[in-house]
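# Structure assessment
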Amino acid sequence: MKTTLFIGVFLTHFISFSQKTLEDYKKLYPDYNELVLNDNSSYDLFLEDKKLNVIEDSFYESMILTDNGINNNSESFTYSELVKLVDFEAETVLNNKRFKVTQTNEKESRDDAVFYNGVKERQLIFTNLEAGAKKVFKYKREYTDYHLLHKFLFGNSFPVLNSTLEIKTDKEINIGYKIFNDPNNAIEFTKTEKKGRNIYRWTLKDIKPLKYEANSPGILHLVPHIDVYVKDFTIANQLVEGLEDVGKLFNYYQEFVRDLNKTEDKELKNITLQVIANAKSEEEKVKNIFYWVKDNIKYVAFENGYEGFMPREGGLVCSRKFGDCKDMASIITAMAKYAGIQNVFITWIGTREIPYSYSENATPGVDNHMIATYKKGTEYIFLDATDKETRYGIPTGFIQGKEALVYENDSYKIVKVPIVAPENNMVTDHVKLKIENEKIVGSGKLIFNGYNRSNLLAQLGDSANKKRFEMIKSIVIKGNNKFKLLNFTEENIKDRDLPYKIDYQFDIDNYLIKIDKDIYINMNLDTHLEELIIEKDRISNYELEFLTASLGSYELEIPQNYSVKFLPKDFAIDNELLSANFKYEVKENQITYTAQISQKKIMLTKTDFELWNETIKKIKTNYGETIIITQK
């Protein structure tokens, strides 16, 4: 290797970056237990042994500022079959003394979305920590595939004094890069030459700590970062193309799926013919296949090395009865071919936590998911079997609004996944109320569509008996904590194409207020969105999981010898974020109240926060309105 472990201008330049004392830092950062002095990576790209080699040297140095900071005594880094660990060192530096880290643990890197991904995590346990001590570690990794150069993030949960990415290349290697979340161009960039090699360096100083907030769209939407890629290189007088545009990324991806499902699997073919036997149209065949995969193939994200890119054969997935997202895409497309359908395609896509389009960042960093896509005429229907409950015809929630790279007839097409309209995720609640012995008694029918249906059924799962009763109660609860669920029945639990319904009976004690001849009742038994006030100091955008709409209809039977004394005014509001309409009516012996609310924007930016909060406050005010009925 051309680079020697941890020796070079880049690392030695930063080891003694700062000369301030502990007290200086405590005054500058009084609210933090730890300060990152340096977080740096250097990549050496060179041609040797007839290939492009990539070696990474990373260096990290932080200082403990308070006694509470001692509790954070561990750090870690990752490596895998594709990004191999060469060596590492770690030590505590205190009062010019160095204490080598001897306790290290290797474990599987955890990812909530992946059962096994082949990534190892090396945990380092630092000793002799006290205020003023420094945690220092450095490691070297080797990339087996230059296409996999990953992004570099400028940010941490602690403040960072200095963060630098350096790329050193032979003259025959051309690189490209994209910078994200740096609106003020604060990242300093230099390009120099030394001994016939190009040196690119990006530095950001005095980085504010990352603030973790609920409903944040994800770290890549927030933190300044760079994605670096190899455009091309010349070796043995031949030009080798790397990445730069969508076509080149597709060429790279295509090699992983080109020969997929070329050999017929008799078992899977026979199953397919049974699954589509009663289908009356091509679309019904696709739908039957999609639901069969959801019901019979268990989603288990199992990735190791290039398995993270390469789907397994549909026949193997069928025999195993489990698979990851790529495997499910593979078996769906294989079954479609056995059904004589040629327009169901393998598709790459990024989840919503990834902020880029394919034109913005045509590297493997643009996507992290694979699905199948059915082309029905000019319409594209996205088939993601990893979510068992989502019905045919709408995409899974976490890919809404994203671009999909569809492998269509030996070429590709970029298709935008729609954001599902709120009316397709409607929740309706039809409630009938009456007053018995100064207690509210009622029955209702609660209906869930779209993502509200699939999310709720996923939460309920196979719960039964008392546990399910309590879960249903938490869903239908109304009024106050004196709500008592008497009974309930459910419909359409298994049929994804129909809304999930709950019929329920209940009573509520201590809800109405009786003063002399007057009875006061607030007919807003449900207060949707009431708690969704966005904090004034929020930094990140506020992302809704999906757009939803609700329609509550409440009918109160007016008791005999009573009449209506007061009805609140109707209320309506409609802007670019929300619409709401509350209406009261008296019909014969009934008071009818309807409350309809609909969301309009799935990602709220800072410029939306004020209008959102004002709208919620107006809705909340109207939630407080009461009717008055009086004894004749």
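The paragraphs below set out a description of the structure included in this document. (Residues numbered from 1 in each chain as written. Predicted model: local features only at pLDDT ≥ 70, side-chain atom pairs only at ≥ 80, totals over all residues. Heavy atoms only, no water.)

## Some remarks on the overall build of the chain
The following threshold applies: The helix and strand labels rest on DSSP assignments: H or I over at least four residues marks a helix, E over at least two residues marks a strand, and numbering proceeds from the N terminus. The rule is simple: take the accessible area with a 1.4 Å probe, protein chains only, and divide by the maximum for that residue type; under 20% is buried, over 50% is exposed, in between is partly exposed. A contact between two residues is defined here by any heavy atoms of the two lying within 4.5 Å. Methods summary: accessible areas were calculated by the Shrake-Rupley approach with a probe of 1.4 Å, and residue burial reflects only the protein chains presented.
The helix and strand tally for the chain stands at 10 helices and 36 strands. Along the first, second and third principal axes, the C-alpha atoms of the chain reach 100 × 70 × 40 Å. Counting all 632 residues of the chain, 52% fall into the buried class. Sequence separation of 24 or more characterises 72% of the internal contacts of the chain that already satisfy a separation of 6 or more. On the chain, roughly 30700 Å² of surface is accessible, and the fraction owed to carbon and sulfur atoms is 46%.

## Re unusual backbone geometry
For asparagine 409, which is not glycine, the phi torsion reads 55 degrees and is therefore positive. On the accessibility criterion, asparagine 409 (56% relative accessible area) is exposed. One non-glycine residue with positive phi stands out, namely glutamate 438, at about 60 degrees. Position of glutamate 438 among the secondary structure elements: in the loop between β23 (427-436) and β24 (439-448).

## Some points on the sheet that holds strand β13 (residues 197-207)
Two pairing modes exist for strands in a sheet, parallel and antiparallel, and in both the strands are linked by backbone hydrogen bonds. Where we set the bar: Strand pairing is assigned whenever DSSP detects at least two bridges linking the two strands. Comment: axis = line fitted to C-alpha atoms, over the contacting stretch for helices; angle = value between 0 and 180 degrees taken between N-to-C directions.
Strand order in the open sheet formed by 8 strands is β5-β4-β8-β2-β1-β10-β13-β12, and the pairing between neighbours is mixed. With partners counted over all chains shown, the strands left at the sheet margins are β5 (97-100) and β12 (188-194), one partner each. Neighbour to neighbour, the strand axes of the sheet diverge by 15 degrees on average, direction disregarded. The pairing of strand β1 (residues 34-48) with strand β2 (residues 51-64) spans 14 bridges and is antiparallel. Note that in β2 the partner of serine 41 across the bridge is serine 58.

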